[in-house]
Amino acid sequence: MGLLNLHTHLATRAPGFVEIESVYYGQIQKPAADWYSVGLHPWYLPAADWPGAEQWLRAEAARPEVLAIGEAGLDKVTTTPWTDQLAAFRLCIAVSEEAGKPLIIHSVRAFNEILAEKKRAQPRQPWIFHGFAKPENVALPLLKADCYLSFGAALLKKDHPAQTALKHCPPERFFLETDDEALSIREVYHQAAVLLNLPEQAVRQQVWSNFQRVFAPDPAIFAPKIAQS
Ligand SMILES: [Zn+2]
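Calculation notes
Residues numbered from 1 in each chain as written. Predicted model: local features only at pLDDT ≥ 70, side-chain atom pairs only at ≥ 80, totals over all residues. Helix = DSSP H or I, 4+ residues; strand = E, 2+ residues; numbered from the N terminus. Rg over C-alpha atoms; globule rule 2.2 N^0.38 Å. Contact = placed C-beta atoms within 7 Å. Buried ≥ 20, exposed ≤ 12 C-beta atoms within 10 Å, placed from the backbone. Pairing = 2+ DSSP bridges. Expected span 1.5 Å × (residues − 1). Arc of directions from axis to C-beta. Axes fitted to C-alpha atoms, helices over the stretch in contact; angles between N-to-C directions. Parallel < 35°, antiparallel > 145°, perpendicular 65-115°, else oblique.

Caption draft 1: Representation of the overall build of the protein chain in the model. In terms of helices and strands, the protein chain carries eight helices and eight strands. Here the C-alpha radius of gyration of the protein chain, 17 Å, is about what a compact globule of 229 residues would show, namely 17 Å. Its C-alpha atoms give the protein chain principal-axis dimensions of roughly 50 × 40 × 30 Å. In the protein chain, the share of contacts with a sequence separation of at least 24, taken over all contacts with a separation of at least 6, comes to 64%.

Caption draft 2: Up close: the pairing of strand β2 (residues 17-24). β2 sits mainly inside the fold: seven of its eight residues count as buried. Sheet topology places strand β1 (residues 3-8) next to β2; four bridges connect them, and they run parallel. In the sheet register, L3 faces β2, and the bridge partner there is F17. Summarising the sheet, β2 and strand β3 (residues 35-39) pair through five bridges and their orientation is parallel.

Caption draft 3: Looking closely at helix α2 (residues 82-99). Spanning 18 residues, α2 covers 25 Å between terminal C-alpha atoms, matching the ideal 26 Å at 1.5 Å per step. Restricting attention to buried positions, one finds in α2 the residues Q85, A88, F89, C92, I93, V95 and S96. Buried residues in α2, looked at end-on, bunch into an arc of 165°, giving them a common side. Among the structural elements, β3, α1 (50-61), β4 (66-75), β5 (103-108) and α3 (111-121) are those in contact with the buried residues of α2.

Caption draft 4: How the structure looks around the packing of helix α6 (residues 185-196) against helix α7 (residues 200-215). Running from amino to carboxyl end, α6 crosses α7 at an angle of 105°, the nearest separation of the two axes being 8 Å. On the basis of their axis angle, the class for α6 and α7 is roughly perpendicular. On α7, the residues touching Y189, H190, A192, A193 and L196 of α6 are E200, V203 and R204.

Next up, the structure:
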């Protein structure tokens, strides 16, 4: 069993970790982790080169080391035009379905709009809201729509409302991550265990079994690398 970090921009390559590094179109830096996700990030959309972006996304999505599509989503705070965001998000949804890989979602004040897209697309692939840092009342409709939540740095902030969201999240629906924070995933697991009043090992086991179920990683390529770590 590895220690899963669902979403990071700062892979550590430390032994025993399974890190899903987030890579976006246009990113210069190559992924450092063994596993990654690929997406069209609403902050960095290809102003002119849509065909290039689409080609890149489809080619990357087919690679065995790409475990998910994303981050992708909608953001009400960024300056990227909404129509471009929507086009990019819909493309990522389509590629996630075609590749048969889960979708990792970036949402800033756009939970309702993203749920509307889910209703429209009726995806078969799981959708995971990463960096979830909202209270329980925001989590509930997402969970009701069969989505997953990935919690990170917010859990470590004193009395942060995301802590209550984690406590009320069904165990089979959550993941843990570090995103772009200079934070060890171990600290996040430790804090989740404290909040859930569970041994840390139980939290690791839970997230690992969620990972196996949701990502169904191909054992032929996955097992040898895990055994090495
Ligand atoms: Zn991110």
